[in-house]
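The lines below spell out each chain.
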Amino acid sequence: DANIDCRNGKFNLAGSCSDDCVHRLDSMKNSVVEMINSHIRSDTQLGLMSFSSDATHDAYLTFDHSLVKTEVNSMVADGGTDFTSSFKLLVDEFLPLSNRREHAKPVVVFLSDGHDNQWEDALSYRQTLIDAGVDIYTIKFASGETSPSLEALASDPSMYYQADTQDALTDVYKDIYNLYLDSSEDLIDPNTSRGFTLVIDPRISPAGHSATPRIDC
């Protein structure tokens, strides 16, 4: 089979975290690790990125899933909340097209509680990614109503998901991953590899609100 590139993670690191927020952060970590352990195939490359006020790579694409899990478990909530920095880094990562492996299909999975008071700044980068053939999924990991920002940042409204428990989040990840497999768990197109970037906000409040808005100085 062809390899699936699974770029697992952007983690939004934001300000001091309440007990509820820490619990949600632990749930997110458990969900990602469970998905890697039980669902991600050994021929899948994983990568990890994190963001607070800025976005950085924590692990470049690798078959070493243990490394990625270690980086996931080391995440702490600190800093600001800036969706745009992560989308800009994605553009830098996926463009120019010569940076991509042949036949690679990048897929972004962006998770947050849905709050960034200047999220519209990310829209131009979103469109650049879509024009370059990147699939963008978004997940609101919080209870409450649909997140307008996360729904708007997805490639299509149908590619927006919501989960409010650890189990539900794990199921969403698996559902997205399965979209690129057929019923026999082979690649739908064996000549095309996939690159998944999970964009996750560790400072996630249960109701979907962030106590520390993004501030540009």
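I will try to describe carefully the structure that is included in this document. This is a predicted model, so every value here is computed, not measured.

### Looking at the overall build of the protein
Part 1 of the reasoning: For the protein, the count of helices and strands is six helices and eight strands.
Part 2 of the reasoning: Here the protein, with 217 residues, has 53% of them falling under the buried criterion.
Part 3 of the reasoning: Surface accessibility of the protein: about 9200 Å² in total, with carbon and sulfur atoms responsible for 48%.

### A closer look at helix H3 (residues 83-94)
Part 1 of the reasoning: In this model, H3 (12 residues) spans 17 Å end to end at C-alpha, consistent with the 16 Å of a helix rising 1.5 Å per residue.
Part 2 of the reasoning: For H3, the complete set of buried residues consists of Phe83, Thr84, Ser85, Ser86, Phe87, Leu89, Leu90, Val91 and Phe94.
Part 3 of the reasoning: Among the residues of H3, the N-terminal cap falls to Asp82, whose side-chain oxygen and the backbone nitrogen of Thr84 are separated by 2.9 Å.

### Considerations on the pattern of salt bridges
Part 1 of the reasoning: Tallying each qualifying case throughout the model produces one salt bridge.
Part 2 of the reasoning: In this structure, Lys88 and Asp92 form a salt bridge, with 3.4 Å as the shortest nitrogen-oxygen distance. On the criterion of helical spacing, the pair formed by Lys88 and Asp92 is a turn pair, its members being four residues apart in helix H3.
Part 3 of the reasoning: For Lys88, a relative accessible area of 39% puts it in the partly exposed group.
Part 4 of the reasoning: Taking relative accessible area as the criterion, Asp92 reaches 42% and is therefore assigned partly exposed.

### Describing the environment of Glu71
Part 1 of the reasoning: Residue position: Glu71 is located in helix H2 (residues 65-73).
Part 2 of the reasoning: Residue Glu71 is classed as partly exposed on the basis of its relative accessible area, which comes to 21%.
Part 3 of the reasoning: Remark: the alpha-carbon pair of Glu71 and Gly47, spanning 24 residues in sequence, is separated by 9.9 Å.
Part 4 of the reasoning: Setting aside anything within four residues of it in sequence, one finds Glu71 in contact with Leu48, Asp58 and Ala59.

### A word on the side chain of Asp82
Part 1 of the reasoning: Of note, Asp82 is situated in the loop between H2 and H3.
Part 2 of the reasoning: Its relative accessible area of 10% is what places Asp82 among the buried residues.
Part 3 of the reasoning: From its side chain, Asp82 meets the backbone nitrogen of Thr84 in a polar contact 2.9 Å long.

### So, the environment of Asp64
Part 1 of the reasoning: With respect to the helices and strands, the residue Asp64 is situated in the loop between strand E4 (55-62) and H2.
Part 2 of the reasoning: A relative accessible area of 38% places Asp64 in the partly exposed class.
Part 3 of the reasoning: Once the C-alpha coordinates of Asp64 and Thr44 are considered, the two residues, 20 residues apart in sequence, prove to be 9.5 Å apart.
Part 4 of the reasoning: A polar side-chain atom of Asp64 sits 3.2 Å from the main-chain amide nitrogen of Leu67.

Analysis parameters
Residues numbered from 1 in each chain as written. Predicted model: local features only at pLDDT ≥ 70, side-chain atom pairs only at ≥ 80, totals over all residues. Heavy atoms only, no water. Helix = DSSP H or I, 4+ residues; strand = E, 2+ residues; numbered from the N terminus. Buried < 20%, exposed > 50% of the residue type's maximum accessible area, 1.4 Å probe, protein only. Areas by Shrake-Rupley, 256 points an atom, 1.4 Å probe, with all protein chains shown as cover. Expected span 1.5 Å × (residues − 1). Polar contact = N/O pair within 3.5 Å; in protein donor to acceptor, adjacent residues only side chain to side chain. Salt bridge = Lys/Arg side-chain N within 4 Å of Asp/Glu carboxyl O. Contact = heavy atoms within 4.5 Å.

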